[in-house]
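Survey of secondary and tertiary structure
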Amino acid sequence: MEEVELLKKIKHDPESFRIIFQQFYQPIFGYIYRRTGHFEDTADLAATTFYKAFINLGKFVPRGISIKVWLYRIATNETNLYFRHNRRRTRALAMFEASQASEWKQSLAGDKIAIQAEMEQHRRFQRVQEGLKSLPVRYQQILALRYFEGKPTKEIAEILDKKEGTIKSLLSRGVEKLREKVQLKSGW
Amino acid sequence: MPDFKDMLDEMGKPELPDLRHKELLEKMIVRGKDKSILNVWWLAIGFYMVAAWVMKSAYVPGMTLRHSMEDYSGRHPYLAVLFFLVIPITITISCLFTLRRIFRDAGRPAWKDFVRAMAARYLTIGAALLLILLYLIFATLKSIA
């Protein structure tokens, strides 16, 4: 289904938002988790991202950007805010009704175990992630999108709404800063 | 420096398993539900009573909705106040606070989008106000009589 058609459908039937959720929740959750490294905070930030997208979808006009880019933009802004405000959680999840409390807790706990087990197998990634988190947010977002998510410069520029030249320059400086941090911390 | 860049490119990244909580969260977001100490089903008690009185007035000769309400509020004054005033007012206030918080959390979206997304919550407020209105109408009629 074309994005324009999908947007029209969602505007008439909000339940169709499920299509977007099913398609993008996993990659967005992964992006936030690879940036924060904290399961609960990631779950909270991912929920906030999709919650904001759901409510603000009517305002979304696809002027050259796709829904995917727009979602990454919201997720990036939320994660940046999280880092800027000393990792204070949004508590979006607390807002939702725990009508299926035990099922919800069980599924969340199961996901946490599985993700942490996966993370344990990537020690080198963890060291880079720790170094990344100590950098200013403007470098964090670009480096994470480029090296954790494998996004090309053009897409990063779209997500961050910056020029490609700016991205390249920040990327180059960011890599250098990250290298210093990683080597300093772990004697790479 | 090029080595470090290559290393970043080639570094293994954690991949996520299929997330089990995804389906539940999807339902919660799409339905716009939020945590509340009050269950909106409390409103159903008031509506159930009104529905019973309407049926009574339709099938029992000489009975009207007004008589039923007056009879009930005469016999159970505190319960009438609880079901038709206290609970609806509390739920209305709780919903309004929640909507205010969600509106801010969602980055102050356009009103049209917000109302559509939060339709269930607005309907709850409407239902609560209807119960309050019913009670006030009958209380006013009673005081006039």
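Residues numbered from 1 in each chain as written. Chains lettered and ligands numbered in written order. Predicted model: local features only at pLDDT ≥ 70, side-chain atom pairs only at ≥ 80, totals over all residues.

**As for the overall build of chain B**
As a reminder of what qualifies: Secondary structure elements are defined from DSSP: runs of H or I of at least 4 residues count as helices, runs of E of at least 2 residues count as strands, and each element is numbered from the N terminus. The globule rule used here is 2.2 Å times the number of residues to the 0.38 power, and the radius of gyration it is set against is calculated over C-alpha atoms. Burial in this document is a count-based property: other C-beta atoms within 10 Å of a residue's C-beta are tallied, and the residue is buried at 20 or more, exposed at 12 or fewer, or partly exposed in between, with C-beta positions derived from the backbone. C-beta atoms are first placed from the backbone for all residues, and any pair lying within 7 Å is then listed as a contact.
Helix and strand counts for chain B stand at seven helices and zero strands. If you list the helices and strands of chain B from N to C, you get α-α-α-α-α-α-α. Taken over C-alpha atoms, the radius of gyration comes to 25 Å for chain B, far larger than the 15 Å a tight globule of 145 residues would show. Referenced to the eigenvectors of the C-alpha coordinate spread, the extents of chain B come out at roughly 90 × 30 × 25 Å. Residues counted as buried form 20% of the 145 residues belonging to chain B. Nonlocal contacts in chain B, meaning residues at least 24 apart in sequence, comprise 74% of its contacts between residues at least 6 apart.

**Comments concerning the domain arrangement of chain A**
All names here are of chain A. The test is simple: Segment limits for the domains were obtained from an automatic or database-derived domain assignment. In this classification, Asp, Glu, Lys and Arg are treated as charged, Ala, Val, Leu, Ile, Met, Phe, Trp, Tyr, Cys and Pro as nonpolar, and every other residue, Gly included, as polar.
Taken domain by domain, chain A consists of domain 1 (1-121) and domain 2 (123-188). Of the residues lining the interface, 13 residues belong to domain 1; the matching set on domain 2 comes to twelve residues. Elements represented by at least two residues in the side of domain 1 that touches domain 2 include exactly α2 (17-36) and α4 (67-84). Broken down by element, the side of domain 1 that touches domain 2 gets its largest block of residues, seven residues, from α4. Split by residue class, the side of domain 1 that touches domain 2 holds six nonpolar, three polar and four charged.

**Structural notes on the environment of Glu164(A)**
Inspection of the secondary structure assignment puts Glu164(A) in helix α10 (residues 164-186). Filtering out sequence-adjacent residues up to four positions away, Glu164(A) remains in contact with Thr153(A), Lys154(A) and Ala157(A).

**Some details on the nonpolar core**
Quick reminder of the rule: Note on terminology: a nonpolar core is any set of buried Ala, Val, Leu, Ile, Met, Phe, Trp, Tyr and Cys residues joined through C-beta atoms within 7 Å.
Of all hydrophobic cores here, the largest spans 53 residues; its most connected members are Ile28(A), Ile32(A), Ala46(A), Phe50(A), Phe54(A) and Leu71(A). It is α2(A) that provides the largest number of residues to this core, a total of ten residues. Here this core spans two domains, since at least three of its residues come from each of domain 1 (1-121) and domain 2 (123-188) of chain A. Excluding anything up to four places from it in sequence, Ile28(A) contacts Ala46(A), Thr49(A), Leu71(A) and Ala75(A). Residues Ala80(B), Phe83(B), Phe84(B) and Tyr135(B) belong to the second largest nonpolar core, which totals ten residues.

**Section: the packing of α4(A) against helix α8 (residues 137-148) of chain A**
All names here are of chain A. Counted only if it meets this: Geometry is summarised by axes, namely lines fitted to C-alpha atoms with helices restricted to the contacting stretch, and by angles between N-to-C directions that run from 0 to 180 degrees. Our angle categories are set so that under 35 degrees counts as roughly parallel, over 145 as roughly antiparallel, 65 to 115 as roughly perpendicular, and the remainder as oblique. Crossing handedness follows the turn of the near helix against the far one: under a right angle anticlockwise gives a left-handed crossing, and clockwise gives a right-handed one.
One way to put it is that α4 packs onto α8 with a least axis distance of 10 Å and a crossing angle of 140°. Between α4 and α8, the angle falls in the class oblique. Considering only the axes of α4 and α8, their crossing is right-handed. Contact with α4, carried on its side by Thr76, Asn80, Phe83 and Arg84, involves Val137, Gln140 and Gln141 of α8 and no other residues of that element. Here the residues of the contact of α4 with α8 sort into two nonpolar, four polar and one charged.

**Some details on the interface of chain B and chain A**
With 36 residues of chain B at the contact, the number on the chain A side is 46 residues. In terms of residues, the side of chain B that touches chain A owes the most to one element, helix α2 (residues 22-31) of chain B, which gives seven residues. Tallied by class, the residues present in the side of chain B that touches chain A amount to 18 nonpolar, four polar and 14 charged.

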